[in-house]
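Coordinate analysis (summary)
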Amino acid sequence: MLRDDSNKYLPLTESTCYIMLTLIEPLHGYAVMRKVEEISKGTVRVGPGTLYGAFTLLEKEELIVKVKEENRRKSYVLTPKGKNVLMNQIKRLEIMTRNGLSVIDML
Amino acid sequence: MAENTIRKIKWFWPWQDEQEEAWLRSMSQKGWHLSLVGLLGIYRFRAGEPRDYVYRLDYQTFPKKDKQEYQQLFRDAGWEYIGEMSALQYFRKEVKEEEPLEIFTDVESKIAKYKRILPFLWLFWIILIVVSPIGISIDNPYPWWGAIQAIQVFVLLIWLFFTYVIIKLMLRIRQLKRL
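Residues numbered from 1 in each chain as written. Chains lettered and ligands numbered in written order. Predicted model: local features only at pLDDT ≥ 70, side-chain atom pairs only at ≥ 80, totals over all residues. Heavy atoms only, no water.

In this section: the pattern of salt bridges. Applying the stated criterion across every chain yields a total of 19 salt bridges over all chains. Between K66(A) and E69(A) there is a salt bridge; the shortest N-O distance is 3.0 Å. Across the salt bridge formed by K93(B) and E99(B), the nearest N and O atoms sit 2.7 Å from each other. (Salt bridge = Lys/Arg side-chain N within 4 Å of Asp/Glu carboxyl O.)

In structure tokens form, the structure reads like this:
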């Protein structure tokens with residue numbers, strides 16, 4: 001059984017979290033940028049500098065892996081380790097959202 | 001040099017990237033578009049129609065193959081690659097409505113950029129410390145002892161320079177973290 005060390009990556013930044021969410025399927029850089037904007041309903045935009053840095057870091061930590069390379073575009077997808085980290089992040093966010101919503105009712 | 005190009009020498013510290021970007025933009029607005037960056041603050045501009053280009057700088061070192069993919073990603077996002085000066089990567093894009101004008105879209109990745117510069121500065125800083133005490137043995141009546149001393153003063157000055165750059169860069173990172 002793998003030791004769960006995903007806590008050391010948490011909390012993820014908003015950009016990193018969205019980038020990982022899009023990588024549930026293999027995508028190359030620019031496709032990730034467009035999809036993040038789409039699924040966040042325009043609240044989050046990821047610039048190429050931010051994205052390249054995130055790719056480098058996530059690949060080094062083996063949270064994503066390169067699956068394809070064509071026309072100088074690399075495609076990445078989440079690894080099992082990456083999925084686990086993302087799942088734990090979402091759980092944390094869910095707790096926070098629930099806390100937030102209960103306070104909003106009192107405002 | 002062709003008539004329609006000019007060369008300018010200007011010094012920007014590593015933490016002054018935003019000032020450098022603003023200066024390049026103002027040059028383009030005057031019709032001078034950056035065409036090449038050379039060593040140590042030498043910029044070449046080509047004359048053209050005045051245009052509103054924003055310039056953005058990244059700091060990256062990588063093998064040639066990764067570099068092509070890196071440039072492709074920026075091209076896909078609408079950025080034109082201009083060149084590189086000691087690992088500083090220069091990009092530009094014409095200002096249009098609805099076009100994102102930042103390559104770093106959060107504070108964390110901006111801090112990460114400055115942090116990529118630091119290891120190189122530390123490396124020089126340490127090398128200079130190791131090199132500096134050479135020849136300090138006082139009663140050395142070598143005829144070229146004066147020359148050694150002169151070199152030592154020189155090394156010390158460069159070391160102070162690097163210390164200054166490291167401290168200023170770390171302060172800039174702290175300033176960003178407070179945002």
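Anyway, onward from the coordinates.
A few words now on a nonpolar patch on the surface. On the surface, W122(B), L123(B), I126(B), I127(B), I129(B), V130(B), V131(B) and M170(B) cluster together into a nonpolar patch covering about 690 Å² of accessible area. The biggest single contributor to the nonpolar patch is helix 3 (residues 107-131) of chain B, with seven residues. (Patch = residues over 30% accessible without salt bridge, like charges linked within 9 Å, V, L, I, M, F, W, Y side chains within 5 Å. Areas by Shrake-Rupley, 256 points an atom, 1.4 Å probe, with all protein chains shown as cover. Helix = DSSP H or I, 4+ residues; strand = E, 2+ residues; numbered from the N terminus.)

Turning our eyes to something else, we now look at the environment of G47(A). Inspection of the secondary structure assignment puts G47(A) in the loop between helix 2 (29-39) and helix 3 (48-60). C-alpha of G47(A) to C-alpha of L78(A): the two residues are 31 residues apart in sequence and 20 Å apart in space. Apart from the residues within four sequence positions on either side, G47(A) is in contact with M33(A), E102(B), I103(B) and T105(B). (Contact = heavy atoms within 4.5 Å.)

With that out of the way, let us pick up the interface of chain B and chain A. With 23 residues of chain B in contact, the opposing surface of chain A contributes 18 residues. In total, about 1800 Å² of surface goes out of reach between chain B and chain A, with carbon and sulfur atoms giving 54% of it. Ranking the residues of chain B by area buried against chain A places E69(B), L73(B) and D76(B) at the top, with a combined share of 31%. Those elements that place two or more of their residues in the side of chain B that touches chain A are helix 2 (64-76) and helix 3 of chain B. Looking at which element gives the most residues to the side of chain B that touches chain A, the answer is helix 2 of chain B, with ten residues. Of the residues that constitute the side of chain B that touches chain A, the class distribution is nine nonpolar, five polar and nine charged. (Buried area = accessible area lost by both parts, 1.4 Å probe. Nonpolar A, V, L, I, M, F, W, Y, C, P; charged D, E, K, R; others polar.)

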